[in-house]
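Listed below are the residues making up each chain.
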Amino acid sequence: MKYLETQTFNLQTPETQPSLHSPRVLMLYGSLRANSISKKAAIEAGNILTYMGADVKFFNPEGLPLFDNGDSAQHPKVKELRDLVNWSEAQVWTSPELHGNMSAVLKNQIDWIPLSMGAVRPTQGKVLAVMQVSGGSQSFNAVNNMRILGRWMRMLTIPNQSSIAKAYNEFNEDGSMKASGFRDRVVDVMEELMRFTFLTRDNKPFFVDRYSERKDQQQQQAALATALADIVESEPSSPPTKKASCC
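Residues numbered from 1 in each chain as written. Predicted model: local features only at pLDDT ≥ 70, side-chain atom pairs only at ≥ 80, totals over all residues. Heavy atoms only, no water.

The subject of this paragraph is the environment of Tyr 29. Relative to the elements of secondary structure, Tyr 29 occurs in strand 1 (residues 24-29). Residues Tyr 29 and Gly 125, 96 residues apart in the sequence, show an inter-C-alpha distance of 21 Å. For Tyr 29, the contacting residues outside a window of four places in its chain are Ser 38, Lys 39, Ala 42, Phe 58, Phe 59, Asn 60, Pro 61, Thr 94, Val 105, Leu 106 and Gln 109. Here Asn 60 takes part through its side chain, which lies 3.5 Å from a polar atom of the side chain of Tyr 29. (Helix = DSSP H or I, 4+ residues; strand = E, 2+ residues; numbered from the N terminus. Contact = heavy atoms within 4.5 Å. Polar contact = N/O pair within 3.5 Å; in protein donor to acceptor, adjacent residues only side chain to side chain.)

As structure tokens, then:
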């Protein structure tokens, strides 16, 4: 393992001063319908998180432009979404299952979140919980694909998840969830999200500190130092100054 001899691996969690503010959780949902069940599920989850002490904010996807590789990056809804993502320490994604996958509305929101914004990586190391609602029997296609997406966004996706079958039967007229095993699971997921957020939010840089990225940075710094040295050595020396004759 000689190629590792120059590397230092700090594998113990560092001592950090714990944050005192409430965990900041962003809720994303994947429907534009006025009576959206995925929105109702997100609101129920948000209310649970608020009860547990979280600072919860929702992003309304209405008016968010279709992802166009950045041409609409200055759109107010895009800026709002990115500001909320930067603000958040954890996120909850809730989507209906459509054609065996998450909705285009949910995917469009994630597409507008870049992996990096200058030196800032908006999602890296942040905690994620995934939920889905289905019109038929219970399925896990949407949550499974959201897990893949969360991993691609370098997020810490918690083990638990929620899949609400025949979701149109699971909500009261006021939008709240009926007492059921499905509601119990949503509480379980939010509880786990809070625990993971408390455990990780103050050590996010530690969890995402990677050997390959440190190695690339060292190589870039070495190349820069070599280039600067070459510039200094190649500068022409100043000609000797002649003393003026005095008489």
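Continuing now.
Another aspect to go through is the packing of aromatic side chains. Overall, the coordinates contain three aromatic pairs when judged by the stated rule. A ring pair is formed by Phe 9 and Tyr 211, whose centres lie 6.1 Å apart and whose planes are at 35°; its orientation type is tilted. Residue Phe 9 is found in the segment before strand 1, and its partner Tyr 211 is found in helix 7 (residues 211-234); the two are separated by 202 residues along the sequence. Tyr 211 sits in the partly exposed class, given a relative accessible area of 25%. Relative to Phe 207, the ring of Phe 206 has its centre 5.5 Å away and its plane inclined at 70°; by these criteria the two rings are edge-to-face. (Phe/Tyr/Trp six-rings, centres within 6.5 Å; stacked < 30°, edge-to-face > 60°. Buried < 20%, exposed > 50% of the residue type's maximum accessible area, 1.4 Å probe, protein only.)

Across its 15 residues, helix 1 (residues 37-51) extends 21 Å between first and last C-alpha, which sits within 8% of the 21 Å expected from 1.5 Å per residue. Here the buried face of helix 1 lies against strand 1, strand 2 (55-58), strand 3 (90-96), strand 4 (127-133), strand 6 (162-164) and helix 5 (181-200). (Expected span 1.5 Å × (residues − 1).)

Attention now goes to the environment of Lys 79. Relative to the elements of secondary structure, Lys 79 occurs in helix 2 (residues 76-87). Residues Lys 79 and Ser 163, spaced 84 residues apart in sequence, show a C-alpha to C-alpha distance of 30 Å. Excluding anything up to four places from it in sequence, Lys 79 contacts Ala 73 and Gln 74.

The subject of this paragraph is unusual backbone geometry. Negative phi characterises most residues that are not glycine, and trans characterises most peptide bonds. Positive phi values are uncommon outside glycine, yet Arg 154 reaches one of about 60°. Here Arg 154 is to be found in the loop between helix 4 (141-152) and strand 5 (156-157). Note on Arg 154: relative accessible area 32%, which makes it partly exposed. The phi dihedral of Lys 166 is positive, around 40°, even though this residue is not glycine.

Turning our eyes to something else, we now look at the side chain of Asn 108. Structurally, Asn 108 can be placed in helix 3 (residues 104-111). Look at Asn 108 and you get buried, because its relative accessible area is 11%. There is a polar contact of 2.9 Å between the side chain of Asn 108 and the backbone nitrogen of Phe 67.

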